[in-house]
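Each chain is listed here by its residues.
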Amino acid sequence: MTPVKIMTMALDRVGLTIQSEVFKARARDYFNTEAKDIASRARWSWLFKSSTFATSDGTRNYQLASDVLEPLSFHDQTNDTTLAISTSERIDNADPDNDESGDPRLVVIPGRNSSTGYWGVDLFPTPDAANTIGYRYYGYIENITVSDDNTDLAATMPEWVQPALIHGIASQYYLEKGSERSARLESALKEDIVDRAIQRNTMVGGNMRTRMSRDENVRGPFDFVVQEGSIA
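Read on for a plain summary of the structure. None of these values were measured; they are calculated from a predicted model.

So, how was this worked out
- Residues numbered from 1 in each chain as written.
- Predicted model: local features only at pLDDT ≥ 70, side-chain atom pairs only at ≥ 80, totals over all residues.
- Heavy atoms only, no water.
- Helix = DSSP H or I, 4+ residues; strand = E, 2+ residues; numbered from the N terminus.
- Buried < 20%, exposed > 50% of the residue type's maximum accessible area, 1.4 Å probe, protein only.
- Polar contact = N/O pair within 3.5 Å; in protein donor to acceptor, adjacent residues only side chain to side chain.
- Contact = heavy atoms within 4.5 Å.
- Salt bridge = Lys/Arg side-chain N within 4 Å of Asp/Glu carboxyl O.

Below, the discussion takes up the side chain of Thr55. The residue Thr55 is located in the loop between β1 (48-54) and β2 (61-63) in this model. Using a relative accessible area of 4% as the deciding quantity, one classes Thr55 as buried. A polar atom in the side chain of Thr55 sits 2.8 Å from the backbone oxygen of Ala129. At a separation of 2.7 Å, a polar atom in the side chain of Thr55 contacts the main-chain amide nitrogen of Asn131. With residues up to four places along the chain from it excluded, the contact list for Thr55 reads Tyr62, Leu123, Pro127, Ala129, Ala130, Asn131 and Ile133.

Given below as structure tokens:
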């Protein structure tokens with residue numbers, strides 16, 4: 001569905017019309033708050049993402065994607081190596097005058113850019129060539145604007161989760177108008193969809209097998225497969 005479709009259905013449920021720009025603008029605000037609420041309910045598999053950035057000679061700091069909530073891991077695709085996440089204190093101890101250069105080995109996450117609000121990272125040593133750095137991260141749902149109204153949400157939120165937005169927006173509108181009973185009903189419908197989506201989210205890993213712990217006090221079923229060799 002598109003945001004305008006979701007907002008239309010939500011407004012229909014509360015007896016309002018999408019033709020009113022005032023109602024539509026408020027519905028869009030509620031859309032954004034509800035989307036972020038849903039995103040915060042679990043570590044959704046559909047919010048795990050990856051991206052890359054290119055290094056340049058003599059530049060230590062780089063900006064990550066705008067939708068990064070939590071950076072998770074980094075790797076140098078050019079040199080086929082992983083980059084460990086470290087601390088500023090460790091880098092200062094290793095290179096107090098910040099003059100070491102070469103292929104990056106460590107990543108420091110100093111904070112968010114004060115101008116853009118995006119996460120930034122420092123690489124150590126300072127790159128001396130153009131390498132491609134890949135990274136994985138847990139993202140968040142960015143606010144939609146008027147220009148996004150007719151963009152399909154499939155790339156942002158799975159179709160089986162999207163109906164929760166309809167009921168969430170309707171609930172917010174009912175609360176605004178003082179109809180708490182109707183708001184609770186819409187909220188309950190939203191929660192039912194979110195709860196079922198969370199259950200489905202746990203199945204994304206497939207039929208995963210767990211190896212038995214070495215702790216002799218642990219008891220339970222386990223799966224064992226011989227990787228190589230033979231049993232005489």
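Turning our attention to the pattern of salt bridges. One pass over the structure, following the stated rule, counts 14 salt bridges. Its salt-bridge partner being Arg41, residue Asp37 comes within 2.9 Å of it at the nearest N-O pair. With a shortest N-O distance of 3.0 Å, Arg196 and Asp192 are connected by a salt bridge. Of this pair, Arg196 and Asp192 both sit in helix α5 (residues 180-201), 4 residues apart, which is roughly one turn of the helix. Judged by relative accessible area, which is 48%, Arg196 ranks as partly exposed. Each member of the salt-bridge network shares a partner with another, and the members are Glu34, Asp37, Arg41, Lys190 and Glu191.

Nothing here speaks to function; it is geometry throughout.
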